[in-house]
Amino acid sequence: MLDLRLQDARQTGQPDWPALNMEMRQMRRLVGQLLELARQDGAAVEHRDGPLQRANVSRVAREATAALLPLFEAQGRSIEVDIAEGLECRGNPDQLREALVNLLENALVHGAGEVRLTLRAQGDEVILDIADQGDGVPSELQEAMFQRFRKGRQGSEGTGLGLAIVRRIVENAGGRVGFVSGRANVLRIVLARESAARSTCT
């Protein structure tokens, strides 16, 4: 598409700058996400042979929410949190923050109404849910949404790589991510809980 727009600009001498800028943004985002996937694929090999990091997931969740709050406010949407304090889990904090930002952005772009992030401990696991008030994804399509280049809405500016990156980050942390059964508008991340007394990473 970008090539066609550039050809048209050369022929007419009147470039469509807004359209060209949008195409360039999409290309930069695609390249960035492909590089991130490559890094996560490489990290998967490293994690098999070395110890997992630990993260203060309570802090990570608050930071991810704070980062997206201006976007929610700009679109007249609200985001609510219910975060248990002091929860530690396995995983790289920067990468987990990126995964949460990605999921919150998805809820903003593809969901509806209020978005709610809930974080709690359940036994030896940490459970993080992100829910909105939209219809969600039909059960027969939910697993496919984690495939690379699969978009929730065709024609959107997204690359179709966001959920694939989220899954790779979570799996590299020894966890799992998916839609909650019977609740098509809720995505859940489950991570192994770590004792705060033994944790050295934030």
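Heads up: the structure comes first, above all this text.
Residues numbered from 1 in each chain as written. Predicted model: local features only at pLDDT ≥ 70, side-chain atom pairs only at ≥ 80, totals over all residues. Heavy atoms only, no water.

Student: What is the right way to read the overall build of the protein from this model?
Tutor: Each helix and strand in the protein was counted, giving 6 helices and 7 strands. The contacts in the protein between residues at least 6 apart in sequence include a share of 69% that link residues at least 24 apart. Accessible surface computed for the protein: about 11,100 Å², of which carbon and sulfur atoms make up 49%. (Helix = DSSP H or I, 4+ residues; strand = E, 2+ residues; numbered from the N terminus. Contact = heavy atoms within 4.5 Å. Areas by Shrake-Rupley, 256 points an atom, 1.4 Å probe, with all protein chains shown as cover.)

Student: Which parts of the structure should I look at to understand helix H4 (residues 93-110)?
Tutor: The periodicity of an α-helix, 3.6 residues per turn, causes residues three or four positions apart to be oriented the same way. Between the first and last C-alpha of H4 there are 25 Å, a value that for 18 residues agrees with the 26 Å anticipated at 1.5 Å per step. Capping of H4 at its N-terminal end is provided by asparagine 92; its side-chain oxygen lies 2.9 Å from the backbone amide nitrogen of aspartate 94. (Expected span 1.5 Å × (residues − 1). Polar contact = N/O pair within 3.5 Å; in protein donor to acceptor, adjacent residues only side chain to side chain.)

Student: What should I look at first to understand helix H3 (residues 57-74) in this one?
Tutor: For H3, spanning 18 residues, the distance from its first C-alpha to its last is 27 Å, which sits close to the expected 26 Å at 1.5 Å a residue. At leucine 68, H3 shows its maximal kink, close to 40°; a proline, proline 70, follows between one and four residues later. Those residues of H3 lying buried are Val57, Ser58, Val60, Ala61, Ala64, Thr65, Leu68 and Phe72. Looking at the buried residues of H3, the elements they touch are strand E1 (54-56), strand E2 (79-83), strand E3 (88-90), H4, strand E4 (115-122) and strand E5 (125-131). Its side-chain oxygen at 3.2 Å from the backbone nitrogen of serine 58, asparagine 56 defines the N-terminal cap of H3. Where H3 ends, the next residue or the one after it, glycine 76, has phi of about 70°, a positive value. (Bend = angle between axes of the 7 residues up to and from the residue. Buried < 20%, exposed > 50% of the residue type's maximum accessible area, 1.4 Å probe, protein only.)

Student: What is the right way to read the packing of H3 against H4 from this model?
Tutor: A pair of packed helices is characterised by two quantities: the angle between their axes and the separation of those axes. H4 packs onto H3 with a crossing angle of 35° between their chain directions and a minimal axis gap of 9 Å. The two elements H3 and H4 cross, and the hand of that crossing is right-handed. Contacts between H3 and H4 pair Val60, Ala61, Glu63, Ala64, Thr65, Leu68, Leu71 and Phe72 from the former with Pro93, Leu96, Arg97, Leu100, Val101, Leu104, Glu105 and Leu108 from the latter. Here the contact of H3 with H4 is built from residues that sort into 12 nonpolar, 1 polar and 3 charged. (Axes fitted to C-alpha atoms, helices over the stretch in contact; angles between N-to-C directions. Left-handed = near helix turned anticlockwise from the far one by under 90°. Nonpolar A, V, L, I, M, F, W, Y, C, P; charged D, E, K, R; others polar.)

Student: Sorry if this is basic, but what is going on with the packing of aromatic side chains here?
Tutor: When we look at a pair of aromatic rings, we describe it by the centre distance and by the angle of the planes. Evaluated as defined, the whole model comprises 1 aromatic pair. Lying across the ring of phenylalanine 146, arginine 167 places its NZ or CZ 4.0 Å from the centre. (Phe/Tyr/Trp six-rings, centres within 6.5 Å; stacked < 30°, edge-to-face > 60°. Lys NZ or Arg CZ within 6 Å of the ring centre and 35° of its normal.)

Student: What am I meant to see in the nonpolar core here?
Tutor: Membership of the largest hydrophobic core comes to 39 residues, with the highest contact counts inside it found for Leu96, Leu100, Leu104, Leu119, Leu128, Ile130 and Ile189. Listing elements by their share of this core, those giving two or more residues are H3, E2, H4, E4, E5, helix H6 (162-172), strand E6 (176-180) and strand E7 (183-194). Top element by residues in this core is H4. It accounts for 8 residues. With residues near it in sequence (within four places) discarded, leucine 96 still touches Ala55, Val60, Cys89, Arg90, Gly91, Ile169, Ala173 and Leu191. (Core = buried A, V, L, I, M, F, W, Y, C linked by side-chain atoms within 4.5 Å.)

Student: Is there a simple way to think about the environment of alanine 84 in this case?
Tutor: Looking at the element boundaries, alanine 84 is found in the loop between E2 and E3. Put simply, alanine 84 and serine 58 are 26 residues apart on the chain and 6.6 Å apart in space, counted from C-alpha to C-alpha. When neighbours within four sequence positions are excluded, alanine 84 is seen to be in contact with Ser58, Leu119 and Arg120.

Student: Would you take a moment to explain the pattern of salt bridges for this structure?
Tutor: Note that side chains of opposite charge can pair when their charged atoms are close. On inspection of all chains with the given rule, the structure shows 9 salt bridges. Between arginine 97 and aspartate 94 there is a salt bridge; the shortest N-O distance is 2.9 Å. A residue pair is termed a helical-turn pair when its members lie 3 or 4 positions apart in one helix, as arginine 97 and aspartate 94 do in helix H4 at 3 residues. In this structure, the salt-bridge partner of arginine 120 is aspartate 129, at a minimum N-O distance of 3.7 Å. Residue class for aspartate 129 comes out buried when judged on its relative accessible area of 7%. Residues participating in the shared-partner salt-bridge network are Arg54, Arg90 and Glu194. (Salt bridge = Lys/Arg side-chain N within 4 Å of Asp/Glu carboxyl O.)

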